[in-house]
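# Geometric and topological summary
Now for the letters of each chain:
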Amino acid sequence: MEERYSRHYSLEEVGEIGQQKIGGAKVLVIGAGGLGCPVLQYLTSAGVGTIGVADGDFVSLTNLQRQILFDTTDIGELKVKSAVAKLQRLNPEVTFNQIPKLISSINAVEIVSRYDVIVDCTDQIHIRYLLSDVCRVLLIPLVFGAIHKFEGQVSVFNYQEGPNYRDLFPNPPSPESVPNCNDVGVLGVLPGIIGVAQANEVLKIIVGYGEVLSGKLWMFNTKNNSSYVVSFTKSEKSAAPQTKEEIKNTNYIAYCNAEWADIQ
Amino acid sequence: MNIKVQFFGMVAELVGMESLQIEAFNGSLLREVETHLLQEYPSLGSLTYSMSLNKQIVSGDASLGDYNEIALLPPFSGG
């Protein structure tokens, strides 16, 4: 163990104690696509003790332009199965939980509550609202990443009672606002940059060094390498469900008017 | 006075630029600047976005001061 993580041991901010924290952490990555692949690779390399991988999709040829855990022989396979097979070879010390299904208001609380940190790598806006609500009710930090063509967003929600997604975007967007990657395209390296930034936030949260991107939204544009960071605070008025039961009884797809997002 | 407005994602695409300079009065409400932008770029009306003033997310009730940088930030859904 010591040799595998020797470069972490050498860092004053991580060291043996920090590495033990990483080894004891349970992280759930929701979505094993463009963002999920780099997040999973780096968290596995870093030696996160338990990693849950949730995705109900199968690998397709169009995924390979950016979803770097998969290769041509994986086409048609369940993403979680292909991903975990590779990740397990990368680091046999990690325990993986395969969750081959779409996260919904029915199963979210039960799945999420088993982990210390959640990473939002989904591509559907109603799941982003669902995860934000679940993590707020369960008091679990949520590392958010999202992409559009050449631009990305990263933030951390519910960290030490910090603000969440609804404090940033209180109202679900119109369909015109959030076109799907399938329709508008996405630069292949973009989820790599954004996903690695999410993995970076996860490690800071687990080990406890540096400054977590809580209450801040980092925007990055690959066209001109410009960064833009805006701050946001907890809003007093929130339409969010306040209990586990209320979450279970909420139809997030209807709430976000996001039926369009399910048609892929 | 001159203020800078930054656009991101779909907002930048619909407006056709990533930033512009507009004239506004000290003490104007952010909402008034937004109304002006909607008149210039009616297609913005179909989009959902949050607004920041000097890199802080605020409501339309915020009023402009001596220095103003406004941004229109839409959510991204891709992953």
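Residues numbered from 1 in each chain as written. Chains lettered and ligands numbered in written order. Predicted model: local features only at pLDDT ≥ 70, side-chain atom pairs only at ≥ 80, totals over all residues. Heavy atoms only, no water.

In this section: the pattern of salt bridges. A side chain of one charge can pair with a side chain of the opposite charge when the charged atoms of the two come close. All chains considered together, the criterion is met by 12 salt bridges over all chains. The partner of E93 of chain A in a salt bridge is R4 of chain A, and the shortest N-O contact between them spans 3.9 Å. Here R4 of chain A lies in the segment before helix 1 (6–9) and E93 of chain A lies in the loop between helix 4 (79–90) and strand 3 (95–99), a separation of 89 residues in the sequence. Judged by its relative accessible area of 42%, E93 of chain A is partly exposed. Linking R31 of chain B and D61 of chain B is a salt bridge whose minimum nitrogen-to-oxygen distance equals 2.8 Å. One end of the pair, R31 of chain B, is in helix 2 (residues 30–40); the other, D61 of chain B, is in the loop between strand 4 (56–58) and strand 5 (69–73), and 30 residues separate them in sequence. The exposure class of R31 of chain B is partly exposed, given its relative accessible area of 37%. Each member of the salt-bridge network shares a partner with another, and the members are D71, D74 and K86 of chain A. (Salt bridge = Lys/Arg side-chain N within 4 Å of Asp/Glu carboxyl O. Helix = DSSP H or I, 4+ residues; strand = E, 2+ residues; numbered from the N terminus. Buried < 20%, exposed > 50% of the residue type's maximum accessible area, 1.4 Å probe, protein only.)

Side chains three or four residues apart in an α-helix point the same way, a direct result of the helix having 3.6 residues per turn. All names here are of chain A. The terminal C-alpha atoms of helix 4, which comprises 12 residues, lie 16 Å apart, in line with the 16 Å expected from a rise of 1.5 Å per residue. Along helix 4, the residues classified as buried are K79, V80, S82, A83, V84 and L87. Where helix 4 is buried, its residues contact helix 3 (36–46), strand 2 (50–54) and strand 3. (Expected span 1.5 Å × (residues − 1). Contact = heavy atoms within 4.5 Å.)

Here the focus is the nonpolar core. Residue and element names in this part refer to chain A. One finds V27, V29, L43 and I51 to be the most contacted residues of the largest nonpolar core, which totals 46 residues. By residue number, the principal contributor to this core is helix 9 (residues 190–207), which donates 9 residues. Residues in contact with V27, not counting those within four places in the same chain, are L43, V48, T50, I51, G52, Y115, V117, V119, V202 and I206. Formed by 41 residues, the second largest nonpolar core is a distinct cluster that contains Y115, Y129, C135 and Y252. (Core = buried A, V, L, I, M, F, W, Y, C linked by side-chain atoms within 4.5 Å.)

Per-residue pLDDT for chain A averages 94, and the proportion of residues at 70 or more is 97%. Note that residues 259–264 of chain A has pLDDT below 50 and, in this model, 13 contacts with residues that lie over four places away or in other chains. (pLDDT = per-residue confidence, 0-100.)

To continue, consider the environment of G210 of chain A. Within the element layout of this structure, G210 of chain A appears in the loop between helix 9 and strand 7 (216–221). G210 of chain A sits in the exposed class, given a relative accessible area of 70%.

Another point: the interface of chain A and chain B. If you look at the interface, chain A gives 39 residues, while chain B gives 23 residues. Counting each side, the surface lost to burial between chain A and chain B is near 2500 Å², with a carbon and sulfur contribution of 55%. The tally of links from chain A across to chain B stands at 1 salt bridge. The partner of K149 of chain A in a salt bridge is E13 of chain B, with the nearest N and O atoms 3.0 Å apart. Inspection of the region where chain A meets chain B yields 19 residue pairs in polar contact (both at pLDDT 80 or more). The set of elements that each furnish at least two residues to the side of chain A that touches chain B consists of helix 6 (125–138), strand 5 (142–148), strand 6 (151–157), helix 7 (165–168), strand 7 and strand 8 (226–231) of chain A. Among the residues forming the side of chain A that touches chain B, the class breakdown is 19 nonpolar, 15 polar and 5 charged. (Buried area = accessible area lost by both parts, 1.4 Å probe. Polar contact = N/O pair within 3.5 Å; in protein donor to acceptor, adjacent residues only side chain to side chain. Nonpolar A, V, L, I, M, F, W, Y, C, P; charged D, E, K, R; others polar.)

Moving on to unusual backbone geometry. Residues and elements named next belong to chain A. Although it is not a glycine, Q160 sits at a positive phi angle of roughly 50 degrees. Checked against the element boundaries, Q160 lands in the loop between strand 6 and helix 7. Using a relative accessible area of 66% as the deciding quantity, one classes Q160 as exposed.

It is a general feature of regular strands that their side chains alternate between the two faces of the sheet. Residues and elements named next belong to chain A. By the criterion of burial, strand 2 is predominantly enclosed, with 5 of the 5 residues buried. Residues of strand 2 alternate between two faces, with T50, G52 and A54 on one and I51 and V53 on the opposite face, all of them buried. Relative to strand 2, strand 1 (residues 26–30) is paired through 5 bridges, and the arrangement is parallel. For V27, the partnering residue across the bridge sits in strand 2 and is I51. Handedness of the β-α-β unit built from strand 1, helix 3 and strand 2 comes out right-handed. Relative to strand 3, strand 2 runs parallel, the two being bridged by 5 bridges. Considered in strand 3, the bridge of V53 is made with Q98. (Pairing = 2+ DSSP bridges. Right-handed = clockwise from strand over helix to strand, strands pointing away.)

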